[in-house]
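Spelled out from the first residue to the last, the chains are:
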Amino acid sequence: MESFFEWLQGLSIANWIATDESIWSFPTILFLHSVGMGLTAGVMFMICLRLVGVGRPLPVSSMRVLFTIFWVGFVLNAITGSLLFAAHATITGNQPIYYAKLSLIAVGVVLAFPLQHFVQGDASDGRIPVRVKGMAAAALAVWVGVITTGRFIAYLQ
Amino acid sequence: MNFVHLHLLLNHVPTVGTIVALGLLLLAFAKKSDDLTRGSFALFFAIALVSLPTYMTGYSAEAVVKERPGVNLELINEHQSSALLALVFMEATGVVAWFGLWQARKPTGRSRWAAPSVLLLSVITIALMANVATIGGEITHPEIVSQGQPSASIGALAPAALRSAAIRYYQFHHPNAWPTLEALHFIGLSLLFGVVLVGNLRILGFMRTAPYVDIHRLLPWGVWGFVINSVTGMLFFVGQAFQYIDNPAFHLKVLFMLLAGANVLYLTMFDDVWALGTGDQAPLSAKLVAASQIFLWVGVIYFGRMLPYIGGAF
């Protein structure tokens, strides 16, 4: 694993992100990662809050378009997150909290599919099943966890 | 004009402004006018926003004034901690006033607790602001100090726990304090940004099967995000003011935040978005406001993220 991290960090793009002093390298990628977080976690918070019962008159079916934003944000952050990781792979790759973050993201993505299936289905404006409410509550906690672990990575190096 | 001039200009807003807004609220009670009540709520909300840079520019004034001979540093500390206490009450007044505006839109009618709560909070705020102004005036006007004794406030109105030094000590005394504040700041960001997206995307023409009345129900969650981020953001600032006051990214972040914050009133109380029913298209003017909202909040994120790189913050 260590040799993989070293290879990754040795790539010219990783080296550029880590060492370039302009605001167009590391700072801009970090900014895009924050916007991606706002898109992904932001719309997921809204969808899940509605599913657990907040803002009840709002038709759940009207929130279908939000999943497009969720996935756009997710892809943006998968790319920018990989670049940020590559720049400091030998440090971040040895942090247990980084793997906690990746695991939480995996759970968040696994939960996103059945939630999307429900919201885009014909029954989404009917009664919300307890199973869906439970998954929405879990997804809220998971994305709060992703943000928290992600933030702590910056301070544990 | 520099930030010291700005402090001397802005400090009239939370002092004189709250008295004007309170007068308007009392007039609303006398006339039993819902319109005047809403007007005073909007004014309290705007004053609460402007109070944030009023407090922050105080640190720029401190940096200049404390170099001068004969300036009483203890008086500056008293002014600063009493100002933070008054700011807390000012922001609470602004948040409760916003909830009053939001509730006035509810089909069940306006809330009965909002106006009395704003009245009580604003009276406390005015008393605290008067105390702040009294101490602040004496910092550079020794001629108004009677018998050589500064009328420094009684300790309770300038609690030592609200001094920058005390908050800075807490931030570094516990190794997880700063990262925890950062995590909360990003959770608040996501909550606020989610509501900003949903509300403004509806106006732009997405999610059109939802009437705006239903979107309006979600607005308090955005305000909770804003409250979380004001509190955590002010804790960063109070503890580490000198890495922000001369930081151009910070100046732009605050400017964008004030513009975006004022914009929130548009989503809360304006009729042209409130009237959007199922399937309705918003007028072009509303779409321009909605697009500017999203742009301004992305700008807040940009300049927030650039604090360490354009300026020298950590």
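Residues numbered from 1 in each chain as written. Chains lettered and ligands numbered in written order. Predicted model: local features only at pLDDT ≥ 70, side-chain atom pairs only at ≥ 80, totals over all residues.

Turning our attention to the overall build of chain A. Along chain A, the regular secondary structure elements total seven helices and zero strands. Mapped from its N terminus to its C terminus, chain A presents α and β elements in the order α-α-α-α-α-α-α. Its C-alpha atoms give chain A principal-axis dimensions of about 55 × 30 × 20 Å. Expressed as a percentage of its 157 residues, the buried residues of chain A come to 39%. Long-range pairs, those at least 24 residues apart, make up 83% of the contacts in chain A between residues at least 6 apart in sequence. (Helix = DSSP H or I, 4+ residues; strand = E, 2+ residues; numbered from the N terminus. Buried ≥ 20, exposed ≤ 12 C-beta atoms within 10 Å, placed from the backbone. Contact = placed C-beta atoms within 7 Å.)

All names here are of chain B. Its identity as a non-glycine residue notwithstanding, K32 has a phi of 50 degrees, on the positive side. Along the chain, the position of K32 falls in the loop between α2 (12-31) and α3 (34-65). Owing to 8 C-beta atoms within 10 Å, K32 belongs among the exposed residues under this scheme. The backbone of M207 sits at a positive phi, close to 50 degrees, despite the residue not being glycine. Mapped onto the secondary structure, M207 falls in the loop between α7 (177-204) and α8 (212-216). A count of 21 C-beta atoms within 10 Å places M207 in the buried class.

The next point concerns the environment of V119 of chain A. The topology assignment puts V119 of chain A in helix α6 (residues 96-120). The spacing of V119 of chain A and V65 of chain A is 54 residues in sequence and 9.9 Å in space, taken between C-alpha atoms.

A separate point is the packing of helix α7 (residues 130-153) of chain A against α7 of chain B. In helix packing, the relevant descriptors are the interaxial angle and the interaxial distance, both defined with respect to the helix axes. α7 of chain B packs onto α7 of chain A with a crossing angle of 140 degrees between their chain directions and a minimal axis gap of 9 Å. Taken together, the axes of α7 of chain A and α7 of chain B lie oblique to each other. Of the two possible hands of crossing, α7 of chain A and α7 of chain B adopt the one that is right-handed. Within the contact between the two elements, α7 of chain A uses V144, I147, T148, R151 and F152 of chain A and α7 of chain B uses P179, E182, A183, F186, I187 and S190 of chain B. A class-by-class count of the residues in the contact of α7 of chain A with α7 of chain B yields seven nonpolar, two polar and two charged. (Axes fitted to C-alpha atoms, helices over the stretch in contact; angles between N-to-C directions. Parallel < 35°, antiparallel > 145°, perpendicular 65-115°, else oblique. Left-handed = near helix turned anticlockwise from the far one by under 90°. Nonpolar A, V, L, I, M, F, W, Y, C, P; charged D, E, K, R; others polar.)

Residue and element names in this part refer to chain B. Following both chains from N to C, one finds α3 and helix α10 (residues 248-269) inclined at 165 degrees, their axes separated by 10 Å at the closest point. Judged by the inter-axis angle, α3 sits roughly antiparallel to α10. Between α3 and α10 the crossing geometry is right-handed. On α10, the residues that touch R38, A42, F45, A46, L49 and P53 of α3 are V254, L258, G261, A262, L265 and M269. The residue makeup of the contact of α3 with α10, split by class, is ten nonpolar, one polar and one charged.

Attention now goes to the interface of chain A and chain B. Taken residue by residue, the interface counts 29 residues in chain A and 29 residues in chain B. For the side of chain A that touches chain B, the element with the highest residue contribution is helix α3 (residues 26-52) of chain A, accounting for 13 residues. In terms of residue class, the side of chain A that touches chain B is built from 21 nonpolar, seven polar and one charged.

Residue and element names in this part refer to chain B. What the domain assignment lists for chain B is domain 1 (1-159) and domain 2 (163-314). In this structure, domain 1 and domain 2 have C-alpha centres spaced 22 Å apart. The interface is formed by 20 residues belonging to domain 1 together with 20 residues belonging to domain 2. Those elements giving two or more residues to the side of domain 1 that touches domain 2 turn out to be α3 and α4 (73-103). (Domains from an automatic or database assignment.)

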